[in-house]
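Understanding the architecture of this molecule
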Amino acid sequence: MSTKLIASLCPYCAVGCGLYLTVDKGKAIGIEYMTDHPASEGALCPKGNSLLEILDHEERLKYPMKKLGDGFVRITWDEALDLVAQGLSRNIRKHGPGSLGFLASSRCNNEENYLMQKMARLLGSPNVDNCARLCHSPTVVGLGAVLGTGAMTNNLLDLQNAKCIFAIGTNFTEAHPIVTRWAQKAKDNGAVIIVADPRITSTSWMADIHLRINPGSDIDLLRAMMKVIIDEGLADDDFIKSRTQGFEELRDSLRDFSLEEAAEKTGISTGDIIRAAKAYAISPASALLYSMGITQHVCGTDNVKSCATLALLCGHVGRPGAGVWPMRGQNNVQGNCDMGGMPEFYPGYKRSTDPQTIEFFKAGWNVSDLPLGPGLTSTEMTEAALEGRLKALYITGEDPIVCDANIKKTRKAFENLDFLVVQEIFMTPTARMADVVLPAAAWAEKDGSYTSMERRVQWIDKAVDAPGEAKDGMWIVCQIAKRLGLDFPYQNAAEVLSEINRLVPQYGGMTLERISKVGGLRWPCPDVQHPGTDILHAQRFSTPDGRARIATVKNRPPGEEISPEYPILLTTGRIVLHYNGGSMTMRSISLYERDPELYVEMNPADAARLNIAAGDLVVVTTRRGSAEARARLTEKVRPGVAFMPFHYHGTNIITSDALDPVAKIPEYKIAACRIEARA
Ligand code: SF4
């Protein structure tokens, strides 16, 4: 019997569900459920259940290619690697290393991302980023500023211990479906569920209190809840005194803030604000969950700080069932950030602007020079390319031409580059713009570790061969690095992990043997005796003095507002059947068939006024352009608000690229639009 079961992970979202691949004669032929996996207990959502459909999909990239005229021609690996090395070194010579940009991939494993950022920095470029810029960069910087660590404080399973769950800006039942089982267990045990979301969603159906908040008014809601908690004497004074600083400034800033004003801005009655605040504060253990409804705003960082501050005010941090759960996006977005795939941080969140960081890595990597940060974020790279300051871009496993906000601008920026290389598993719209396309192995075709949203680091072994001549990403990076004169002697991912163990303190004890076991380990895990950490901040926060920083912030208006020309407020989000820019799920027939085309949810009252019927093709226009979509008429959105899923290629033609000034994330969640029946 040649059939083997090989432990693996779902390659989609950051829940990190475990599974077994059934492999026969070198081919993955089935999935077995991993019932002892600590985050998923054998469950998989529709995306996880369909993952085999993309592994040996006929459209997988199989050979290196270079651009010729309007098309591509197949080339050898030697030629492809030489072309990439030449394209990068040509621009270093002519314009300096700062003219290079690198996008590490949150779908790739830790070892690949570690090498990618290392190559960028050894070449002298501080410009390395990843798709966290577009989803949770405010978590990394905002939660980091308040709690000292920009990551989920507790584990997913621990959600069942919560006595109150406050989910704001997260439709987790669709975006992270397996989390629902832990939230439901909490509810079955009597937890109060509060959901703040402008839409009626499958998550809001779980709620005891649904706060139908006006988009862009999260800080007003959070500050109003804080005011109720302080005024009613529900704050945890002992916790505030012993473990935080900054409370007085917050309290003073709330003195003149009225609940009536908050009610007007948020669209939520004062009664509901008070009910929600009391339920959150008096519960013995409250969990605060948030996602991109919080982060994807011009005030995304302040939104995150406000969420963390609410938790601190009530002492709901550092205990079972009490903490802050940022619901991260891609399967390895946490790991990519941990590995330094961000311009603000070298590996292990060592600040790139700190000269001590540079000295640490100069010694660790045995080099004489490294660039001080911060480099350019991905959103700044786009601007720099438009202005001619960024000349070459190396993208792995990301699709900015679909996923960026205001993608017409990104397209123009990429057209302005001297050299674009894309390493991918499918021919994405971004890959179609590349000078060189490098075919990469998918997750089950290589060894390596992944870090889920709950800081769980899990190693998986290669289960099957990559198609055609597609190669493991770490092999590709090592070959390019060597051609550029760098010392990249790594033979396998285990050797890279050993270096990570040595240089990333949080991963110090995460040896291959330890993280190969089902469920792996959760960081911080500083040494090989350490059992890993389930709950952060139990005794002290990860700030220099161990105290959390209570944040005082005020709401800022969105990047754009409705007007007579653009009278409807458009917001965007995820749906259960698709993922990110759809490069995988749109090719997964069982998913695609069930939700094949872009749609816009609009309220029947708006539709009647605009003479639009259910199922009509409509044109949604913002200040950046137009997208065609199928009208879905529903009370899920209020009059004056519309919703579009962002997985389809049209949505980001019209989203807003107004940026949060700190995290540089675009405001995907708010755009003023008009909707018209298609002529
Ligand atoms: Fe995969 Fe996320 Fe679904 Fe789990 S919840 S099966 S990790 S997409």
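Residues numbered from 1 in each chain as written. Predicted model: local features only at pLDDT ≥ 70, side-chain atom pairs only at ≥ 80, totals over all residues. Heavy atoms only, no water.

1. Overview of the overall build of the protein chain
Convention followed: By the criteria applied, helices consist of DSSP H or I runs no shorter than four residues and strands consist of E runs no shorter than two, each listed in order from the N terminus. A radius of gyration in this sense is built from C-alpha atoms; the matching globule rule multiplies 2.2 Å by the number of residues raised to 0.38. For each residue, the accessible area found with a 1.4 Å probe, counting protein chains only, is set against the maximum for its type, and the residue is called buried under 20%, exposed over 50%, and partly exposed in between. Any two residues whose heavy atoms approach within 4.5 Å are treated as being in contact. Accessible areas in this description were obtained via Shrake-Rupley with a 1.4 Å probe; residue shielding takes into account the shown protein chains only. Only four residue types enter the tally: Lys and Arg on the positive side, Asp and Glu on the negative side, with His and both chain ends excluded. Where a charge lies is defined by one atom per residue type: Lys uses NZ, Arg uses CZ, Asp uses CG and Glu uses CD.
Across its full length, the protein chain carries 26 helices and 28 strands. Taking 679 residues into account, the globule formula puts the C-alpha radius of gyration at 26 Å, and the protein chain, at 24 Å, falls close to it. Its C-alpha atoms give the protein chain principal-axis dimensions of about 70 × 65 × 60 Å. Looking at the protein chain as a whole, 65% of its 679 residues are labelled buried. Taking contacts inside the protein chain between residues at least 6 apart in sequence as the whole, the part at least 24 apart equals 73%. Accessible surface, the protein chain as shown: approximately 23,200 Å² in total, 50% of it carbon and sulfur. In the protein chain, 74 positive and 80 negative side-chain charges are present, and the distance between their average locations comes to 1 Å.

2. Observations regarding the site of the ligand
For clarity, the cut-off: Consider each residue's heavy atoms; a residue with any of them within 4 Å of a molecule or strand counts as near. Basically, the charged four are Asp, Glu, Lys and Arg, the nonpolar ten are Ala, Val, Leu, Ile, Met, Phe, Trp, Tyr, Cys and Pro, and anything else, Gly included, counts as polar.
Near the ligand, the surroundings consist of C10, Y12, C13, G16, C17, L44, C45, K47, G48, P177 and I178. Split into classes, the residues belonging to the shell around the ligand amount to eight nonpolar, two polar and one charged.

3. Let's talk about the sheet that holds strand β17 (residues 419–424)
Selection rule: When DSSP finds two or more bridges between a pair of strands, those strands are recorded as paired. The axes are straight lines fitted to the C-alpha atoms, using for helices just the contacting stretch, and the angles between their N-to-C directions are given from 0 to 180°.
A sheet is described by the order of its strands in space; here seven strands give the open sequence β5-β4-β18-β17-β16-β6-β7, paired in mixed fashion. Among the strands making up the open sheet, the edge pair consists of β5 (71–74) and β7 (128–129). Against the sheet, helix α4 (residues 110–122) makes contact with β6 (100–103), β7 and β16 (392–396), and its axis sits at roughly 170° relative to β6, the strand it touches most.

4. Topic: the domain arrangement of the protein chain
As a reminder, the rule being used: Where each domain starts and ends follows an automatic or database-derived domain assignment. Here the buried area means the combined drop in accessible surface, using a 1.4 Å probe, for two parts upon being joined, counting both sides. The term salt bridge refers to a pairing of a side-chain nitrogen on Lys or Arg with a carboxyl oxygen on Asp or Glu at a separation within 4 Å. Any N or O atom pair separated by 3.5 Å or less is treated as a polar contact, with the protein-specific requirement of one donor-capable and one acceptor-capable atom, and with residues adjacent in sequence counted only for side-chain atom pairs.
Per the domain assignment, the segments making up the protein chain are domain 1 (65–133 + 332–522), domain 2 (137–326) and domain 3 (568–677). Domain 1 and domain 3 are separated by 31 Å when their C-alpha centres are compared. Each side of the interface is counted separately: domain 1 has 18 residues, and domain 3 has 18 residues. Between domain 1 and domain 3 lies a buried interface of about 1,700 Å² when both sides are counted; carbon and sulfur atoms form 57% of it. Of the charged contacts, one joins D657 and K409 as a salt bridge, the two residues approaching to 2.7 Å between their closest N and O atoms. Where domain 1 packs against domain 3, one counts 12 residue pairs in polar contact (both at pLDDT 80 or more). No other element matches the three residues that helix α20 (residues 407–415) contributes to the side of domain 1 that touches domain 3. Looking at the side of domain 1 that touches domain 3 residue by residue, the class counts come to eight nonpolar, four polar and six charged.

5. Description of helix α9 (residues 218–231)
Short version of the rule: Take the residue count of a helix, subtract one, and multiply by 1.5 Å to get its expected span.
Counted at 1.5 Å a residue, the expected span for α9 with its 14 residues is 20 Å, and the 20 Å between its end C-alpha atoms agrees. Of all the 14 residues making up α9, 13 are buried; the element is thus mostly covered by neighbouring parts of the structure. Looking at the residues trailing α9, positive phi occurs at G233, about 70°.

6. Regarding the pattern of salt bridges
It is possible for side chains bearing opposite charge to pair when their charged atoms get close. Summed over the entire model, instances satisfying the criterion amount to 41 salt bridges. The partner of R483 in a salt bridge is D78, and the shortest N-O contact between them spans 2.8 Å. Of this pair, R483 sits in helix α21 (residues 473–483) while D78 sits in helix α3 (residues 77–95), and the two are 405 residues apart along the sequence. Residue classification places R483 among the partly exposed positions, given a relative accessible area of 29%. Linking R275 and D272 is a salt bridge whose minimum nitrogen-to-oxygen distance equals 3.3 Å. A residue pair is termed a helical-turn pair when its members lie 3 or 4 positions apart in one helix, as R275 and D272 do in helix α13 (residues 270–282) at three residues.

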